[in-house]
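Architecture and fold: a report
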Amino acid sequence: MKSLWDDAEAARFGGPLGPRVYTSRLLGRDKSLVLHGGGNTSVKLRERNLFGEDEDVLYVKGSGWDLETIEPAGFTPVALGHVRRLAGLRSLPDPQMVNELNTHMLRAGAPSPSVETILHAILPHPYVDHTHADAVLAVSNAPQGEKRIRDIYGERVVVIPYIMAGFDLAAHCAREFPKQATGNCIGMVLLSHGIFSFGGGARESYERMIDLVSLAEEYLQKNKAWHFSFSSAQPQAARREEIASLRRSIAGEAGVPVILKTNENPKFLGFARHPDAGRLSQKGPATPDHVIRTKPLPMLGRDVTGYAKKYREYFERQAPHAKDKKTMLDAAPRMVLDPQLGFAAAGRTARDAAIVEDLYDHTIDVILRAEALGGWRALSERDLFDIEYWDLEQAKLRKAGSPPVFTGEVALVTGAASGIGKACVESFLARGAAVIALDVNPAIETLWPRVDVLGATCDLTDAKAIESSLDRGVRRFGGIDMLVLNAGIFPSSQPIQEIAAQTWKGTMAVNVEANLLLMQMCHPLLKLALRGGRIVVIGSKNVPAPGPGAAAYSASKAALNQLARVAALEWAKDGIRINSLHPNAVYDTALWTDEVLASRAKAYNLTVEQYRKNNLLKQEVSSRDVAELAAEMCGPLFAKTTAAQVPVDGGNERVV
């Protein structure tokens, strides 16, 4: 492990918290140190208050912030003297501890301070860094872990047995740290939890962390417990219907839609097929912090009912021993190890699923390295239960508001690179959905650089391209719940007698046949949607009121509309509802340049502004207007509507 400190980069971080922010970000960049909100950092500063008095302030990472991207606002200032005194109390229940920390914050609106704030306060050093370094966990979770840690570090670290984070841990450290610490001490290891470093400056504390973790890495390498390899043999890939069926089973047990992200890379696949996977994977997580996101154990295979039964038994075993009454969480797995799928991560959102995947990616490293040292060990079931059902986490669940309406659901949008399709992607994202965005334009690949969008270049007239895109989408998100058929072409205006056969066939191929093919391929996936499949067809005003010179377009849209009506009749038994929108005069698309708009307005003897609003309501219709209604038609307001045809045109005399 190498220090990432750069003098020029560090100089850009000004202010009293600048060095603290900079080194926190350096730690956050290394995923073998911290993942997704894990770890925390702090600094003790002396500041002058409103009365001109100097007071000691502890700035500690606030709840909800990630070290990799933390800003000065992510550090919560608390009164250091009061927090230090808390460590001397005989007991302090978690809710009261949180109250004491929150009532002694020194900035209104600051995030809640870390649950390890007291621990940071009692360490007698200005800068304190805390990570869950993979290498340290691998050593401490091996046989004779404490001895190994002491052999590696000697007097350089204080060693603390596993104690659940919070007051009890801080109080124990307050008593034990002075007993063990010598003049050579630069850190502290919490067995099966993580490692601390500290120093007089930000760089010193950060580079001490790097040095300490490097020693653990060198120990693993010396003991041939660093590198491992997996077989490259690939089993036959699971069909997308199998993945969607597994997702449906998990969602059914969870009681809400979920995203299911599968990964067949050699590492995940190799571990799933490891001869001892059943033993190694069923001991627990690398560090207890993970259990809140992952549950204690992954599911082996695809028996969701069996997994849920075991989870309920686990709850029934442990709940009676808890201090307070516990409310059982859902019994659905968050992790799946399967010899064909490799690894699958389930989460309420695409981000949640991606976090679970990252956590287990590093967990495999810890497990196999500890195993190579003589045997992987994890915390007891009781310890894991205490973290999973921690009072503070239960309180968060009680306070949590309702998630966006499409949370856990997946929408597929065609023609998504511009116009109505692009607006549809935004509308579904705003409602919490993950989106598979297809377009023939390669720009679709980079329009949304975010975890909940898969942009895929796809020619919808190519069956193999559709198959490939659907496979990618289902492996990324687990299935398809909503389908927006938006892609289409509008050939140049021609009278019927001049329409070329190629123009007619090409228009029908894109506007009708491609949509038929996509509907056929998506049908088995839509059938598995927990809340029923939904399809929205973006039609046209030309369906009820065709215009001269647009025979190919009008006929193709009418055919698509009729296809949707028949599908509504046939697929209602599968819980799939299909509705159509008929927009008109939507000018904020790539087809309508300023020049074309000016030309068309002039042809009608109107200004461009008048032409844009040439409807009964005198309102301009935008792509977003159409997209918002498309999204709403997939929501609960239209749950009992199918085969509807709704104009989005501001009122057109010919349609009315």
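This text goes with the structure placed above it.
Read on for a plain summary of the structure. (Residues numbered from 1 in each chain as written. Predicted model: local features only at pLDDT ≥ 70, side-chain atom pairs only at ≥ 80, totals over all residues. Heavy atoms only, no water.)

**Thoughts on the overall build of the protein**
Stated formally: Under the scheme used here, helices are H or I runs from DSSP no shorter than 4 residues and strands are E runs no shorter than 2 residues, and both carry numbers assigned from the N terminus. Here's how the labels work: a residue is buried when its accessible area is under 20% of the maximum for its type, exposed when over 50%, partly exposed in between, all with a 1.4 Å probe on protein chains only. Note on contacts: a residue pair qualifies if any of its non-hydrogen atoms lie within 4.5 Å across the two residues. Throughout, the Shrake-Rupley method with a 1.4 Å probe supplies accessible areas, and for residues the shown protein chains are the sole cover considered. Only four residue types enter the charge count, namely Lys and Arg as positive and Asp and Glu as negative; His and the chain termini do not. The atoms used to mark charge sites are NZ of Lys, CZ of Arg, CG of Asp and CD of Glu.
Helix and strand counts for the protein come out as 24 helices and 18 strands. Each principal axis of the C-alpha atoms in the protein carries an extent, and together these give about 95 × 65 × 45 Å. Counting across all 656 residues of the protein, residues that qualify as buried make up 53%. Excluding contacts between residues fewer than 6 apart, the proportion of contacts in the protein whose partners are at least 24 apart in sequence is 72%. Approximately 28500 Å² of the protein is accessible, and the part contributed by carbon and sulfur atoms is 52%. For the protein, the distance from the average position of its 76 positive side-chain charges to the average position of its 75 negative side-chain charges is 3 Å.

**Considerations on the sheet that holds strand β9 (residues 299–300)**
The condition that has to hold: Two strands pair under a simple rule: DSSP has to find at least two bridges between them. Note on geometry: axes are C-alpha line fits, over the in-contact stretch for helices, and angles between N-to-C directions span 0 to 180 degrees.
Taking strand neighbours across the sheet as the criterion, the four strands line up as β8-β11-β10-β9 in an open arrangement whose pairing is mixed. A single partner strand is all that each edge strand has here, and the edge strands are β8 (259–263) and β9. Both β8 and strand β11 (residues 342–347) contribute to a ladder of five bridges, which runs antiparallel. Each bridged residue has a counterpart across the sheet, and for Thr-262 the counterpart in β11 is Ala-344. Where helix α10 (residues 240–254) meets the sheet, it contacts β8, β9, β10 (335–338) and β11, and its direction lies at approximately 135° from that of β8.

**A word on a nonpolar patch on the surface**
Keep this limit in mind: The patches described consist of residues with a relative accessible area above 30% and no salt bridge, like charges being joined within 9 Å and nonpolar side chains (Val, Leu, Ile, Met, Phe, Trp, Tyr) within 5 Å. Criterion for a salt bridge: a side-chain nitrogen of Lys or Arg within 4 Å of a carboxyl oxygen of Asp or Glu.
A cluster of nonpolar residues, Leu-616, Leu-617 and Val-656, forms a patch on the protein surface that exposes about 350 Å² of accessible area. Along the chain, Leu-617 falls in the loop between α23 (608–612) and α24 (623–633).

**A word on the pattern of salt bridges**
For the structure shown, the criterion picks out 39 salt bridges. The closest approach of N and O atoms between Lys-267 and Asp-365, which form a salt bridge, is 2.7 Å. Placement of the pair is Lys-267 in helix α11 (residues 266–272) and Asp-365 in helix α15 (residues 350–372), with a sequence separation of 98 residues. Taking the relative accessible area as the measure of exposure, Asp-365 reaches 11% and is therefore buried. Among the salt bridges present, the one from Asp-574 reaches Lys-573, with a minimum N-O distance of 4.0 Å. Within the structure, one salt-bridge network assembled from shared partners comprises Arg-239, Glu-241, Glu-242, Arg-302 and Asp-338.

**Quick notes on the packing of aromatic side chains**
As a reminder of what qualifies: Paired rings are identified among Phe, Tyr and Trp, the last through its six-membered ring, by centres lying within 6.5 Å, and are further divided according to the angle between planes into stacked (under 30 degrees), edge-to-face (over 60) and tilted (the rest). Only when the NZ atom of a Lys or the CZ atom of an Arg is both within 6 Å of the ring centre and within 35 degrees of the ring normal do we say a charge sits over the ring.
In the structure shown here, the tally under the stated rule is 16 aromatic pairs. Ring centres of Phe-13 and Tyr-22 lie 5.1 Å apart, and the angle between their planes is 40°; on these two criteria the pair is classed as tilted. For Tyr-22, a relative accessible area of 1% puts it in the buried group. Among the aromatic residues, those joined into a ring-pair cluster are Tyr-311, Tyr-314, Phe-315, Phe-385 and Tyr-389. If you follow Arg-369 out to its NZ or CZ, it ends over the ring of Trp-226, 3.7 Å from the centre.

**A word on the nonpolar core**
Note the cut-off: Here, nonpolar core refers to any group of buried Ala, Val, Leu, Ile, Met, Phe, Trp, Tyr and Cys residues whose side-chain atoms link them within 4.5 Å.
Counting residues in each nonpolar core, the largest one holds 113 residues, and the members touching the most others are Tyr-153 and Ile-535. When sequence neighbours within four positions are dropped, the list of residues in contact with Ile-535 reads Leu-483, Leu-485, Met-519, Leu-526, Trp-571, Ile-576, Arg-577, Ile-578 and Asn-579. One finds Ile-538, Leu-581, Val-586 and Val-626 within the second-largest nonpolar core, a separate group that totals 31 residues.

**Comments concerning the environment of Leu-80**
Structurally, Leu-80 can be placed in helix α3 (residues 80–86). Considered as a pair, Leu-80 and Leu-300 are 220 residues apart in the sequence and their alpha carbons are 47 Å apart. In this structure, Leu-80 is in contact with Lys-44, Asp-56, Val-57, Leu-58 and Ala-121, ignoring residues within four places of it in sequence.

**Thoughts on helix α4 (residues 94–102)**
Counted only if it meets this: This arc is built from the directions going out from the helix axis to the C-beta atoms.
Within α4, burial applies to Asp-94, Met-97, Glu-100 and Leu-101. Viewed along the axis of α4, the buried residues span an arc of 120°, placing them on a single side of the element.

**Examining unusual backbone geometry**
The phi dihedral of His-36 is positive, around 45°, even though this residue is not glycine. On the secondary structure map, His-36 appears in the loop between α2 (18–29) and β1 (40–48). A positive phi angle is found at Ser-192, which is not glycine, with a value near 60°. Examined against the element boundaries, Ser-192 turns out to sit in the loop between β6 (187–190) and β7 (194–199).

**Regarding the pairing of β1**
Note: β1 against strand β4 (residues 127–131), four bridges, orientation antiparallel. Paired with Val-43 across the two strands is Tyr-127, which belongs to β4. Of the strand pairs in this sheet, β1 and strand β2 (residues 54–61) are connected by seven bridges, and their pairing is antiparallel. Paired with Arg-46 across the strands is Asp-56, a residue of β2. Taken together, β1 and the strand that follows it, β2, pair antiparallel across an intervening segment of five residues, in which Gly-52 is found at a positive phi of about 80°.

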